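# Residue-level structural notes
One-letter residues, chain by chain:
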Amino acid sequence: MAKATPTRTLNSLPFQDLEPHRFEDLIRQLAYDMRRWKSLEATGRSGSDEGVDIRAIELVAPDERPVEEDPAEEDRIPAFVERLWIFQCKREKSLTPKRIRDVVAESLASLSSPPHGFILAVACDVSKKARDAFRDEMTKRLIEEFAIWARSELEDMLFQAKNDRLLFAYFGLSLQPRRRSIATTVRS
């Protein structure tokens, strides 16, 4: 029988311990690599956010459809199409299906038309029933792209090498091996 070797593990990251605006900052910084954004606005910092913590405008290249033969028509094709995304951030200990439906309703109440995308970022784990309720709400409201970034998804993102700086900035942890300086290497 093989001898067991000890492993080093990390506890769950304490997202609930972050101040609400700092949690929103973390989510916004994780979103930067998600799409090509024209803007990522921290609307939740002002206090009167109307249920929208982060409002983002995605830039999308227009379809490559053939254009009418009229050259004036060709000049009017925009370089990029803009799509609205809403990010809602919650540091709650749990989210029931009913609570998720309420959060979605509150987040979209001030909008006259549905956004293209919606991200619900939460500091807790989310059950399958709650995820199903979220999916139902998004489909019913005609939102084309959506996701829940729950504790497990957020940890997965932060444990990627490209986000090690965020892991360190928000939680004081780094998973990257410490690099020795050239002088230290030469001395050894």
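This text follows the structure it describes.
So, here is what we can say about the structure in this document. What you see is a predicted model, and the numbers here were worked out from it, not measured in a lab.

### Considering the nonpolar core
Judged by nonpolar contacts, the single largest core of 26 residues is most densely connected at Phe15, Leu26, Ile27, Phe87, Trp149, Leu158 and Phe171. Every element with two or more residues in this core is listed here: α1 (20-31), β1 (37-41), β2 (54-60), β3 (81-90), β4 (117-122), α5 (151-158) and α6 (164-171). Here this core gets 5 residues from one element, more than from any other, and that element is α1. Among residues more than four places away in sequence, those in contact with Leu26 are Phe15, Leu18, Leu158, Leu166, Tyr170 and Phe171. One finds Ile86, Val104, Leu108 and Cys124 within the second-largest nonpolar core, a separate group that totals 18 residues.

### Notes on the environment of Arg83
As for its placement among the helices and strands, Arg83 is situated in strand β3. We classify Arg83 as partly exposed; its relative accessible area is 28%. Separated by 25 residues in the primary sequence, Arg83 and Glu58 place their C-alpha atoms 5.0 Å from one another. Those residues within four positions of Arg83 in sequence are excluded, and the remaining contacts are Ala56, Ile57, Glu58, Val60, His116 and Glu145.

What counts and what doesn't
Every chain's residues receive numbers from 1 upward, in the order its sequence appears when written. pLDDT decides what is reported in this predicted model: residues at 70 or higher carry local features, side-chain atom pairs at 80 or more are listed and counted, and totals for whole chains, interfaces and linings draw on all residues regardless. Hydrogens and waters are ignored; side-chain quantities use all the structure's heavy atoms. Put simply, a nonpolar core is a bunch of buried Ala, Val, Leu, Ile, Met, Phe, Trp, Tyr and Cys residues held in one set by side-chain atoms that sit within 4.5 Å of each other. To sort residues, take the accessible area from a 1.4 Å probe on protein chains only and compare it with the maximum for the residue type: under 20% means buried, over 50% means exposed, and anything in between is partly exposed. Numbered from the N terminus, helices here are DSSP runs of H or I no shorter than four residues, and strands are runs of E no shorter than two. Contacts are residue-level and defined by heavy atoms, with any inter-residue pair within 4.5 Å sufficient.

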